Amino acid sequence: MKVVVRCKNSEEISKVKSLISSCTNCSNIPYFCADLSEEEIMMLTNEGIEVYNDSKISMCSTGLCDIKGGYITTGDVRRSINADKTGLSGSGVIVGVMDTGIDILHPDVGGSVIASIDTYDEGKEGDVMGHGTHVAGCITSIAPGARLVSIRVFDEKGQGNLSSFIKGIDAAITQKVHIINYSGGDLDLGKIQDPLVNDMTEKYGIIMISAAGNEHKNFVASPGSAIMSVCVGSVDNTGFKSGFSNTGNKNSFFKPDVSMFGEKILSSIGEKMDSLNCGYGVMTGTSMSTGFVTGLIAQAFQLRKLSREQLENAFSKSGNSSMKNNVVGYGVIDAVEFINSIEKEVY
């Protein structure tokens, strides 16, 4: 049975290795991804070590939309939030994109990719579906100077495993990324994903930007539900919350943190999804919203690396919501106000 093993300390890591010699742990985080027998699983649980099924994970978009049905471009979003007026491009910032891969031959995004890693099949290159290239286009439209590390965690159906997510986090740490864009989310994996994201941010300072999810639920998807994650909801082109965008949180703190345009976004698209053979496609979902916010944070990181608390403070001074709430968070962020609030702070 394929499982994920989470260790609370170095003593438990050593214990797992001594009990099951075939287990290899991740390089940077206290997790094992392994195929174990029921007897081996029982050995670990009897020692108080946490073992989880290698559950499915999924991306957060509603699929490809008809390009004739109206759309807004990534450039429209860039101008709408004043990201073209900051004088920043995300230069020097490394963004890990945990998705379906990125088409390195696409003229809009391929030149931004400095590494491609596959933690799902461990071998395939490029974008196996098209979604990752679309999200990458959202990111680079706001931060064209950022460098991307493509980390494939999903298959051609937009599905992955908990183990590919965990190995993706481990790979991102190894690649020394500053930010992770995760345009995926699940409603019942918070128990294991959220602590991992929180620990990663506290130990390595990496900020994860996560999608709220598209199930129209009254709680956001994991790992957007993690307190250290920047959770992004979707609004339509008039600024109202998208009907599909998840809101609220099972915990006591507000989620999503911010919102961004996410409906009928025209962006670069991978070859596998390019039915019109034009290199572009329209997609809808909190996935797209997340990409734009990642680009905005990459602009900020060009100035200086920021903590999660410092980002929260900047959001509070630049969102179009008068106060944070469980519907849109701080609302849509104005890039100029966001950057100005960071430049004025003394850290």
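We now turn to the structure provided with this report. For clarity, every value in this text was computed on a predicted model and none was experimentally measured.

Some points on the overall build of the protein
Link 1 in the chain: Looking only at helices and strands, the protein features nine helices and 16 strands.
Link 2 in the chain: Here the protein has a C-alpha radius of gyration of 19 Å; the compact-globule value for 347 residues is 20 Å, and the two agree.
Link 3 in the chain: Counting only C-alpha atoms, the protein reaches 55 × 45 × 35 Å along its principal axes.
Link 4 in the chain: Burial statistics for the protein: of 347 residues in total, 60% are counted as buried.
Link 5 in the chain: For the protein, restricting intrachain contacts to residue pairs at least 6 apart in sequence, the fraction spanning at least 24 positions comes to 81%.
Link 6 in the chain: For the protein, the exposed area adds up to about 13800 Å²; of that, 48% sits on carbon and sulfur atoms.

Observations concerning unusual backbone geometry
Negative phi values dominate among residues other than glycine, just as trans dominates among peptide bonds.
Link 1 in the chain: The omega angle of the peptide bond from Ser222 to Pro223 is 10°, so this bond is cis rather than trans.
Link 2 in the chain: Although it is not a glycine, Lys176 sits at a positive phi angle of roughly 60°.
Link 3 in the chain: Tracing the sequence through the fold places Lys176 in the loop between helix H5 (162-174) and strand S11 (179-182).
Link 4 in the chain: Assessed through its relative accessible area of 65%, Lys176 is described here as exposed.
Link 5 in the chain: Although it is not a glycine, His216 adopts a positive phi angle of roughly 55°.
Link 6 in the chain: For His216, the position within the fold is in the loop between strand S12 (207-211) and strand S13 (230-235).

With respect to the nonpolar core
Link 1 in the chain: Counting residues in each nonpolar core, the largest one holds 84 residues, and the members touching the most others are Phe165, Ile166, Ile169, Val230, Ile297 and Phe338.
Link 2 in the chain: Ile169 has contacts with Ile29, Met98, Ile180, Leu196, Met200 and Met208, leaving out every residue within four places of it along the chain.

Points about the environment of Ser267
Link 1 in the chain: Residue position: Ser267 is located in strand S15 (residues 265-268).
Link 2 in the chain: Using a relative accessible area of 3% as the deciding quantity, one classes Ser267 as buried.
Link 3 in the chain: Expressed as a C-alpha distance, the spacing of Ser267 and Gly279, which sit twelve residues apart in the sequence, is 8.5 Å.
Link 4 in the chain: Here the side chain of Ser267 touches His134 through a polar contact of 2.9 Å, landing on its backbone oxygen.

Description of the sheet that holds strand S9 (residues 147-152)
Link 1 in the chain: Reading across the sheet, the seven strands line up as S8-S9-S7-S11-S12-S13-S14 and stay open at both edges, with parallel pairing between neighbours. Sheet topology places strand S8 (113-118) and strand S14 (258-261) at the edges, where each strand pairs with a single neighbour. Between one strand axis and the next, the sheet turns through 25° on average, direction left out of account.
Link 2 in the chain: Note that S8 and S9 share five bridges and pair parallel. If you follow Val113 over to S9, its bridge partner there is Leu148.
Link 3 in the chain: Each of strand S7 (94-99), S9 and S11 touches helix H4 (residues 131-142); the most contacted strand, S7, lies at about 150° to it.

Observations regarding the sheet that holds strand S1 (residues 2-6)
Link 1 in the chain: Pairing within the open sheet is antiparallel, and its three strands lie in the order S2-S1-S3. Of all strands in the sheet, those bounded by a partner on one side alone are strand S2 (31-35) and strand S3 (50-53). Sheet twist, expressed as the mean angle between neighbouring strand axes with direction ignored, is 25°.
Link 2 in the chain: Two elements, S1 and S2, share five bridges in a ladder whose sense is antiparallel. In the sheet register, Val3 faces S2, and the bridge partner there is Ala34.
Link 3 in the chain: Most of the contacts of helix H6 (residues 190-204) go to S1, to which it runs at about 45°, and overall it touches S1, S2 and S3.

Comments concerning the pattern of salt bridges
Link 1 in the chain: Overall, the coordinates contain eleven salt bridges when judged by the stated rule.
Link 2 in the chain: Residues Glu50 and Arg6 are paired through a salt bridge, measuring 2.5 Å at the closest nitrogen-oxygen approach. Of the two residues, Glu50 sits in strand S3 while Arg6 sits in strand S1, which places them 44 residues apart along the sequence.
Link 3 in the chain: In this structure Glu50 comes out as partly exposed when scored by relative accessible area, which is 22%.
Link 4 in the chain: For Arg6, a relative accessible area of 12% puts it in the buried group.

Let's talk about the packing of H5 against H6
Link 1 in the chain: Following both chains from N to C, one finds H5 and H6 inclined at 5°, their axes separated by 12 Å at the closest point. By the angle class used here, H5 and H6 are roughly parallel. Note on element contacts: H6 touches H5 through Ile192, Gln193, Leu196, Val197, Met200 and Tyr204, opposite Leu162, Phe165, Ile166, Ile169 and Ile173.

Some details on the packing of aromatic side chains
Link 1 in the chain: One pass over the structure, following the stated rule, counts three aromatic pairs.
Link 2 in the chain: A ring pair is formed by Phe315 and Phe338, whose centres lie 5.6 Å apart and whose planes are at 10°; its orientation type is stacked. In this pair, Phe315 sits in helix H8 (residues 308-316) while Phe338 sits in helix H9 (residues 335-344), placing the two residues 23 residues apart along the sequence. This pair shows no difference in class: Phe315 is buried, exactly as Phe338 is.
Link 3 in the chain: In this structure an aromatic cluster arises from ring pairing among Phe154, Phe165 and Tyr182.

Here is what the cut-offs are and how they apply
- Residues numbered from 1 in each chain as written.
- Predicted model: local features only at pLDDT ≥ 70, side-chain atom pairs only at ≥ 80, totals over all residues.
- Heavy atoms only, no water.
- Helix = DSSP H or I, 4+ residues; strand = E, 2+ residues; numbered from the N terminus.
- Rg over C-alpha atoms; globule rule 2.2 N^0.38 Å.
- Buried < 20%, exposed > 50% of the residue type's maximum accessible area, 1.4 Å probe, protein only.
- Contact = heavy atoms within 4.5 Å.
- Areas by Shrake-Rupley, 256 points an atom, 1.4 Å probe, with all protein chains shown as cover.
- Core = buried A, V, L, I, M, F, W, Y, C linked by side-chain atoms within 4.5 Å.
- Polar contact = N/O pair within 3.5 Å; in protein donor to acceptor, adjacent residues only side chain to side chain.
- Pairing = 2+ DSSP bridges.
- Axes fitted to C-alpha atoms, helices over the stretch in contact; angles between N-to-C directions.
- Salt bridge = Lys/Arg side-chain N within 4 Å of Asp/Glu carboxyl O.
- Parallel < 35°, antiparallel > 145°, perpendicular 65-115°, else oblique.
- Phe/Tyr/Trp six-rings, centres within 6.5 Å; stacked < 30°, edge-to-face > 60°.

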